[in-house]
Amino acid sequence: KGWRALAGLRYEEYRAEYSDTGGFSASPEDELVGGKLGLEYHYKDGNLAYVSLSRGYKAPGFNIDSRLDNTQKQYGSESLAGIEIGLKQVSQDGRLSTQVAVFYQDRKDMQVSQHIYIPVTANNAEPDWIQYTTNVSGGSNYGVEAEVTMAFTDRLSLSTALGLLKTEIDEFTYTDGYGYEYVADGRDQAHAPRYQYAISANYLMAPSVLLNVSAEGKDEFYFSDSHDLKSDAFTLMNARISYFVDDWELALWGRNLTDEDYQVRGFGFGNDPRDNYASTGYYQLGEPRIVGVSAQYSF
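All of these numbers come straight from a predicted model, not from anything done at the bench.

**Student:** Describe the pattern of salt bridges, listing the residues and the values that go with them.
**Tutor:** One pass over the full model with this rule turns up 15 salt bridges. Its salt-bridge partner being Arg194, residue Asp188 comes within 3.0 Å of it at the nearest N-O pair. For Arg194, a relative accessible area of 40% corresponds to the partly exposed category. Among the charged side chains, a salt-bridge network with shared partners connects Lys166, Asp188 and Arg194.

As C-alpha cells, this is what we get:
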C-alpha cells in the first residue's frame, strides 16, 4: 500500500548524411528527448490508481525515390506528449479483475504518408504513383480503454476488452500530380478505428482439455492520410481446443472461422480507361479462414 513514483528518460542525438545522383544532399541534426513520469497509489493488494505523463518521438528521415522533388526528399522529426489516468482493481476472491484508462496525446510535426502521381516523361516511361512521408503541423488522439476478466467457476472464465478512440489531423492540404488539391483538416488519422473490441471465453472441458472461443472486431478506418478510402467494419471469430499431457500441448485451432472478407490496406486511383479513369478502390485483404493443428513442448 502507499505511493510509488516512476521516472524514465531517453536522450538521443540524431545526425545523418544523405546525397543522391540527382544532386540533392542534406545533413540533418536533431536532439530527441523522450521519457515518462508516473505516480501510482496502491490502496489494496493488486489494486492501484495511477497517472502518467509521457513524451515520445519519431526520428527524421528521407524519401529516396529519385523522381521526387528535392523539397519532398526530407522530412523532420515528430514529437508526442501524452497524459494517461487509470485504475486497476482485483476483487477480494480474485475472480474479477478490471482495468480502465483514459488518455490524451498531442502530436507535433506529425509524420504522415501521402502520394503523388508521376506522369510519362522523358525520364519516366510509364505513369506511376509514389508514396512518401512528410510532416503536417500536428494532430491529437484521445480515448478510453477498458478490460474485464471474470472467472465464473473454476472451469469457465470470460475476458473482454474495449477501446474507444478519437483522432484528428491538423491543417493537412496537398496537391497530387493531377493538380487535385486534397484537404484533410480535422479528419480522423489513418489506421485509427473509433472502436476495437475483443471477447474471449475459456472453458475447461476436462482436467487436460481447454476450449477457447474468441471474437475480435474494429470499426472502419481510413487507409491513408492522403485519400478518403476506408475499410469496412468487421468481426472475426476464432476457436482453439488444446490437450495438455506432461510438457506437451496439442491443439486444433481455427482463425476467421466465418471466412470474413476484410481489408487491411487500400488505395484509390483511376486505372481503367473503360470508365474514363474513374477513381477505384484497390484492397489488400486479411487472411481468410485458416484451420490447423499444432504441437508445443515446454522445457
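**Student:** Please set out a nonpolar patch on the surface residue by residue, giving values where relevant.
**Tutor:** Judged by side-chain polarity, Trp3, Leu37, Leu39, Tyr41, Val51, Leu53, Ile83, Ile85, Val102, Tyr104 and Tyr142 come together as a nonpolar surface patch covering roughly 1000 Å² of accessible area. Looking at the nonpolar patch, the elements that each hand over two or more residues are β4 (29-44), β5 (47-58), β8 (78-90) and β9 (96-108). In terms of residue count, the dominant contributor to the nonpolar patch is β4 (3 residues). Topologically, Tyr104 is positioned in strand β9.

**Student:** Break down the side chain of Asn63 for me, citing the residues and quoting the values.
**Tutor:** Mapped onto the elements of the fold, Asn63 is located in the loop between β6 (61-62) and β7 (74-75). At 2.9 Å, the side chain of Asn63 and the backbone oxygen of Gln72 are in polar contact. Each residue touching Asn63, except ones within four places of it in the same chain, is listed here: Tyr18, Leu68, Gln72, Lys73, Gln74, Tyr75, Tyr132 and Thr133.

Cut-off values and rules
Residues numbered from 1 in each chain as written. Predicted model: local features only at pLDDT ≥ 70, side-chain atom pairs only at ≥ 80, totals over all residues. Heavy atoms only, no water. Salt bridge = Lys/Arg side-chain N within 4 Å of Asp/Glu carboxyl O. Buried < 20%, exposed > 50% of the residue type's maximum accessible area, 1.4 Å probe, protein only. Patch = residues over 30% accessible without salt bridge, like charges linked within 9 Å, V, L, I, M, F, W, Y side chains within 5 Å. Areas by Shrake-Rupley, 256 points an atom, 1.4 Å probe, with all protein chains shown as cover. Helix = DSSP H or I, 4+ residues; strand = E, 2+ residues; numbered from the N terminus. Polar contact = N/O pair within 3.5 Å; in protein donor to acceptor, adjacent residues only side chain to side chain. Contact = heavy atoms within 4.5 Å.

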